[in-house]
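Residue strings, one per chain:
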Amino acid sequence: MTVVKTSSLGFPRIGLNREWKKSLESYWKEKIDRETFLQEMDKQFLEAVKTQLDQQIDIVPVSDFTYYDHVLDTAVMFNLIPERFKHIQDPLDTYFAMARGTRNAVPCEMTKWFNTNYHYLVPEFEKSMEFRLTKNKPLEAYRKAKAFLGVETKPVILGLYTFVTLAKGYEKQEVASIYQQLIPLYIQLLQELELEGVRWVQIDEPALVTASREEIAAAKEIYQAIKDEVPTLNVLLQTYFDSVDEYEELISFPVEGIGLDFVHDQGKNLEQLKSLGFPKNKVLAAGILDGRNIWKTNLEERLDWITELVSEIRVSEIWIQPSNSLLHVPVAIHPDEQLAKDLLNGLAFAKEKCVELHLLKEGLLSGKAAIGEQINNVNRHLDILKHFGTATDQTFTEEQLTEKDFTRETAYEKRLTLQNESLGLPLLPTTTIGSFPQTAEVRSARQKWRKQEWSDGEYEAFIKAEMNKWIDIQEDIGLDVLVHGEFERTDMVEYFGEKLAGFAFTKFGWVQSYGSRCVRPPLIYGDVEFKEPMTVKETVYAQSLTSKKVKGMLTGPVTILNWSFARCDLSRKEIAFQIAYALKKEVEALEKAGIQIIQVDEPALREGLPLKERDWNDYLTWAAQAFRLSTSSVQDTTQIHTHMCYSHFEDIVDTIEELDADVITIEHSRSHGEFLEYLEHRPYLKGLGLGVYDIHSPRVPPASEMLTIICDALKVCPKDRFWVNPDCGLKTRQPEETIAALKNMVEAAKQARDSLAQTVS
Ligand code: GLN
Ligand code: ZN
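Just so it is clear, the model here is predicted, and its values are computed rather than measured.

1. Notes on the environment of Cys645
Working step 1: On the secondary structure map, Cys645 appears in the loop between β19 (639-644) and α23 (653-658).
Working step 2: Cys645 gets classed as partly exposed once you look at its relative accessible area, which sits at 25%.
Working step 3: Distance in space between the C-alpha atoms of Cys645 and Asp601 is 9.3 Å, their sequence separation being 44 residues.
Working step 4: In this view, Cys645 contacts Pro603, Glu667 and Cys728; residues no more than four positions away in its chain are not counted.

2. Here's the deal with the sheet that holds strand β10 (residues 317-322)
Working step 1: Pairing is parallel in the open sheet, where 8 strands are placed in the order β1-β10-β9-β8-β7-β6-β5-β2. For this open sheet the edge positions go to β1 (3-6) and β2 (61-62), each flanked by a neighbour on one side alone.
Working step 2: By the bridge criterion, 3 bridges tie strand β7 (residues 234-238) to strand β8 (residues 257-261) in an arrangement that is parallel. Counted as the bridge partner of Leu237 is Ile258 from β8.

3. A short note on the UniProt feature "binding site: L-homocysteine" (unreviewed entry) in the chain
Working step 1: The sites that UniProt annotates as "binding site: L-homocysteine" (unreviewed entry) are Ile433, Gly434, Ser435, Glu486 and Asp601. The greatest C-alpha distance among the residues just named is 12.9 Å, despite their covering 169 residues of sequence, which places them together in space.
Working step 2: On the secondary structure map, Ile433 appears in the loop between α15 (412-423) and α16 (440-450).
Working step 3: Excluding residues that lie within four positions of it along the chain, Ile433 makes contacts with Glu486, Met553, Gln599, His643, Thr665, Asn725, Pro726, Asp727, Cys728 and Gly729.
Working step 4: Summarising the element assignment, Glu486 is placed in the loop between β11 (481-482) and α18 (494-497).
Working step 5: Excluding residues within four positions of it along the chain, Glu486 makes contact with Ile433, Gly434, Ser435, Gln438 and Met553.

4. Looking at the coordination of the zinc ion (ligand 2)
Each angle at a metal carrying four tetrahedral donors should ideally be 109.5 degrees, and each at a metal carrying six octahedral donors should ideally be 90 or 180 degrees.
Working step 1: Coordination of the zinc ion (ligand 2) by the protein comes from His643 (NE2), Cys645 (SG) and Cys728 (SG), over a distance range of 2.0 to 2.4 Å.
Working step 2: Angles of 90 to 122 degrees at the metal separate the 4 donor atoms of the zinc ion (ligand 2), which places the site in the tetrahedral class.
Working step 3: Considered as a linear motif, the donors of the zinc ion (ligand 2) on their single chain read H-x1-C-x82-C. Highlighted residues: Cys645 in the loop between β19 and α23 and Cys728 in the loop between β22 (722-725) and α26 (735-760), separated in sequence by 83 residues.

5. Brief notes about the site of ligand 1
Working step 1: With respect to spatial proximity, the complete set of residues near ligand 1 consists of Ile433, Gly434, Ser435, Glu486, Met492, Met553, Asp601, Pro603, His643, Cys645, Cys728 and Gly729.
Working step 2: Here a nitrogen atom of ligand 1 and a backbone polar atom of Ile433 are 3.1 Å apart.
Working step 3: Taking Glu486, its side chain carries an N or O atom lying 2.9 Å from a nitrogen atom of ligand 1.
Working step 4: Protein burial of ligand 1: of its 300 Å² of free accessible surface, 90% is covered by the chains.
Working step 5: In the shell around ligand 1, the residues fall into 6 nonpolar, 4 polar and 2 charged.

6. Some words on the state of the cysteines
Working step 1: In total, this model carries 0 disulfides according to the counting rule given.
Working step 2: Sulfur of Cys354: no disulfide; nearest cysteine sulfur belongs to Cys568 and is 18 Å away.
Working step 3: By relative accessible area, Cys354 is classed as buried at 0%.

What counts and how
Residues numbered from 1 in each chain as written. Chains lettered and ligands numbered in written order. Predicted model: local features only at pLDDT ≥ 70, side-chain atom pairs only at ≥ 80, totals over all residues. Heavy atoms only, no water. Helix = DSSP H or I, 4+ residues; strand = E, 2+ residues; numbered from the N terminus. Buried < 20%, exposed > 50% of the residue type's maximum accessible area, 1.4 Å probe, protein only. Contact = heavy atoms within 4.5 Å. Pairing = 2+ DSSP bridges. UniProt positions renumbered as here; feature names shortened; annotations may be inferred. Donors = N, O, S within 2.8 Å, 3.2 Å for Na, K, Ca; no water. Tetrahedral: all angles 85-135°; square planar, octahedral: opposite > 155°, others 65-115°. Near = heavy atom within 4 Å. Polar contact = N/O pair within 3.5 Å; in protein donor to acceptor, adjacent residues only side chain to side chain. Areas by Shrake-Rupley, 256 points an atom, 1.4 Å probe, with all protein chains shown as cover. Nonpolar A, V, L, I, M, F, W, Y, C, P; charged D, E, K, R; others polar. Disulfide = S-S within 2.5 Å.

Below is the structure:
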């Protein structure tokens, strides 16, 4: 008989009403003192543990909770404090300085946690660092849960292999020595847990899913070293976000349990488990609920699945759990959530997922009939949901499409000539990425309108006035291609989601993005369809104010998809195509209204890359197709732009080319010429605008600095198709600094043009 337990890998930190965020921000603004802050944090930590206990989760994690980020916690625990923060005495001040920076020290770099929308702080190794265990955070958390709730919990730590993989500041050949220095600290930490009587510890090693044979061998040595010194503590080695390539090697690690993701693995983990078996003496921690999406689990299907698995592999103990930490979904369905009932009934957030786990355990132990009623309910809700979002016979299907729908009629070079004639732009045209400062005034206007204190007419008049103001400003600055400023948008995905069919928005469905910053991803519950023009009114109005060209501004299909919770009954490709098809209608509407330059932003295209390189091609192919589906039907003289904002483009230059956009503007100013070096060997021959200044800081760079970037770029980019623009949208900046920086940018472009003219003459 197999022992069955429910387990959780991690729980959202932010609290049902984002109490966590509020405590943090109040502390930072010195509205509460440290003691109060620490008390509030403890309370929220215990609340998360209690929520899981209340849903009868058998093995509840601790120390996944953090004051900012669990990777930063790990770095600080091992004393990886970069030199620039060393002068700060107090540990908590140091911690937040690393997270948020100080006047004199830039914060640690922030980057995506694998292929999720959570951002972690990148640990930095420096030569002079002395590693030591500054505190045992997992032990403290374990003790707290025991003292206040009287329960045994499972401390979670980030494994050494993954920690080092995610860090920077070392060369490949130094890895072995870093392991040698840090292994004793892991041992010390784990020995303290062992001594305390902790039964299980969860060591997260998501990076193992992409580890090569050599890497997995090196990782195994880490775990052997740990086992030698910490013999009686049970270690659950936890992987997630994909299947394990080196499965056979992984299951032979000297640990007591192995955690596998059976949801995001494309069926590979199960396949390997069936063909290569699973050690009888280890616990199988089976991730069987989707920890990254928000729909109810099909209990019947999952129960059948896990029942069959248990009967086939006959392990002595199995834990059923979500595929990964529930950090990536909202805490719980809020009692005041306002969504259509049928939709609400189809949702399961973190707390509800815990309930599902318990039901599955019951079903597994006592047979399907024991949870028959719940199964029927879920089936009914999921069935209603299936029909809830299906649209009319107008709904487009992929079969209707032909190659023509993805292809512009004329090749780029010819289009360029035609566009040059019809747009009449100077050499090195200047433009911005779309948004202008969303000042307190703009935000308060939108609030008033949302709360119905302002009528539609009042709000519209306000937006128009902002456009008037900023068209004047842009003309005054001397920019060549203008924008309307995006004052009517809070968020570049939400704005379109609210206007397309198939999207819904929660009021309380917050998810942590980084630090205290939370987002509310839209739900794509049904077929996405175009209803009516979404941006034409504002764009046409802005265009009516100026004789310069105003660029239409849309968010691309892949970005809309990647920043939403998507339905599961269609493939991501199909959903992207539906969105693309709807956007195509918007593009056509803009063109018809006389807009000659249209930008379709795809800042999230790259982050959607699958973890495994072998899956990249498939994703990139349909992502590029989706983009082309939305932009290919325009006339030759209509210029399509796109924008992406990160600096490592090397991986996807082929795809960028495949988008067949006439112009791409990208973030560049912080990449220190790396990309230019790359372009030297792999020229990019379509329109390209490399960001000439960083928009993340209020600093106004002098024209000379931007001129240097332009001149360097012109050494490798064709002059007749190079654009001058900032790194990204200016929404987070203040008006004064924006205007000053753009003036310098226009001046830099002018000087660059002058010097080009001189070289020619
Ligand atoms: N057009 C958008 C803006 O300017 C682009 C934002 C982004 O790339 N994230 O705000
Ligand atoms: Zn951007």
